[in-house]
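Letter by letter, the chains look like this.
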Amino acid sequence: PDPGSAVGFHKHTQTMFRTSVLAAIAGAASVEAFAPGAALPGVRSARSVRPAMALKMQQQTKISYLTPELFKQLDKDGNGTIDLNELKDAVAYTSGSDVKSLFARADLDGSGDIDYLEYQRLMKMERFGDAQGGNNDVRFALESGLLKPDSVLVDNIMVGNKGFDPAGFAKDAETLNQYREAELKHGRLAMLAALGWPVSEYFQPLIAKSLGAPDLLAAGEKAPSLLNGGLDRINPLFFIATLGFTAAVENFGLKGGFADREPGDLGFDPLNLYYGSDEATKADYRLKELNNGRLAMIAITAYVIEDFFGQTNVVTTTGKVAAPFVTGQPIEL
């Protein structure tokens, strides 16, 4: 086409897009022959690739075609998945049997659609090879003995999969989903506690003094806890309300199972920050929540140890540690 004309340029661009789509799907999806796994949104597994295909895969040029932007272009109806017709339209000049073969390899759960997690796995395989679905963390865990070779974690597309399960707790996909939901719940509580612990130690004395109310902190101006003491000063209604709210959340989570939802997804999004985002952003949000929750669980454990064994509370100690970054003076303990 003539690049100088608008029509010619449009046709040229459309042809280039179709070529890139075919190259991307063919280059990535052909690296491994996928098979339908358990029909669970959080976990899907794949069979091992044939030796002949593995050799062909190793000879492929490592050029990155698959991107989150390409997924958006293929997902024409915006439902968060790529169906066979959308893929056929993108590579219209390719035979129907070839497109169906490529689609079958990418559709891990046999649902008839390629969701973003399946697509994300293809992106990893394109960059890092087909072993363990392109997950380098899982490869390291296997080599280090932190993951058993027959674990359900070896080849799955659950976000945040680091392959760490030395005791083999995740016996199957359903159990893994239950552990992931428990991890997310603990992580969310830990994120609240990681903020609430130092905030309470800092502001409670100030608020109590200004209102003429009793100071509810434990001895040494430490946050009330089982180890610090001081829980007897808290109104029992607070614990009753907390237990009631927790029971309601648990009851909601136990009703439906994981047939139609991701672990930890309780449908709470009043600002539509999650459900109003595209699939790539949703996956990124899930990973960030998981990582921040893991970090918060470590942090709150450190708070407990610091308060119990230390001479001062977390706020005082943290302030001394953080001061050098502000004043440039050495730490004073």
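See the structure printed just above.
Owing to the predicted nature of the structure, the values given are computational and were not obtained by experimental measurement. (Residues numbered from 1 in each chain as written. Predicted model: local features only at pLDDT ≥ 70, side-chain atom pairs only at ≥ 80, totals over all residues. Heavy atoms only, no water.)

Trainee: Quick question: what am I supposed to make of the side chain of R286 here?
Mentor: Topologically, R286 is positioned in helix α10 (residues 279-309). Look at R286: it is buried, it has no salt bridge, and the nearest opposite charge is E262 at 4.8 Å. Not counting residues up to four positions away in its chain, the partners in contact with R286 are L117, V159 and Y274. (Helix = DSSP H or I, 4+ residues; strand = E, 2+ residues; numbered from the N terminus. Buried < 20%, exposed > 50% of the residue type's maximum accessible area, 1.4 Å probe, protein only. Lys, Arg positive; Asp, Glu negative; His and termini not counted. Salt bridge = Lys/Arg side-chain N within 4 Å of Asp/Glu carboxyl O. Contact = heavy atoms within 4.5 Å.)

Trainee: Honestly, the nonpolar core in this entry has me stumped. Any pointers?
Mentor: One recurring pattern in soluble globular proteins is that nonpolar side chains are buried together. Core analysis: the largest hydrophobic core is formed by 21 residues, its most contacted members being L66, I82, I114, Y116 and Y119. Mapped by element, the contributors of at least two residues to this core are α3 (68-74), α5 (96-106), α6 (116-128) and α10. Beyond its immediate chain neighbours, meaning those up to four positions away, Y116 contacts P68, F71, G80, M123, E279, A280 and A283. With 10 residues, the next largest nonpolar core counts L147, A170, A173 and L176 among its residues. (Core = buried A, V, L, I, M, F, W, Y, C linked by side-chain atoms within 4.5 Å.)

Trainee: For this particular structure, what's the right way to read helix α8 (residues 173-211)?
Mentor: Think of an α-helix as turning once every 3.6 residues; residues three or four places apart then point the same way. An ideal rise of 1.5 Å per residue puts 57 Å on 39 residues; α8 measures up with 53 Å between its terminal C-alpha atoms. The sharpest bend along α8 reaches about 40 degrees and sits at S200. With a side-chain oxygen lying 3.3 Å from the backbone nitrogen of E174, the N-terminal cap of α8 falls on D172. One or two steps after α8, the chain reaches G212, where phi turns positive at roughly 70 degrees. (Expected span 1.5 Å × (residues − 1). Bend = angle between axes of the 7 residues up to and from the residue. Polar contact = N/O pair within 3.5 Å; in protein donor to acceptor, adjacent residues only side chain to side chain.)

Trainee: Is there a simple way to explain the pattern of salt bridges in this structure?
Mentor: Pairs can form between side chains of opposite charge whenever their charged atoms are close. Enumeration over the complete set of coordinates arrives at 10 salt bridges. One salt bridge connects D278 with K72, and the closest N-O pair in it is separated by 3.3 Å. Within this pair, whereas D278 is found in the loop between α9 (236-256) and α10, its partner K72 is found in helix α3, the two being separated by 206 residues in sequence. Under the relative-accessibility criterion, K72 is labelled partly exposed at 45%. Between R180 and E183 there is a salt bridge, and its shortest N-O distance comes to 3.3 Å. Separated by three residues within a single helix, R180 and E183 lie in helix α8, roughly one turn from each other. Exposure remark for E183: the relative accessible area of 22% places this residue in the partly exposed category.

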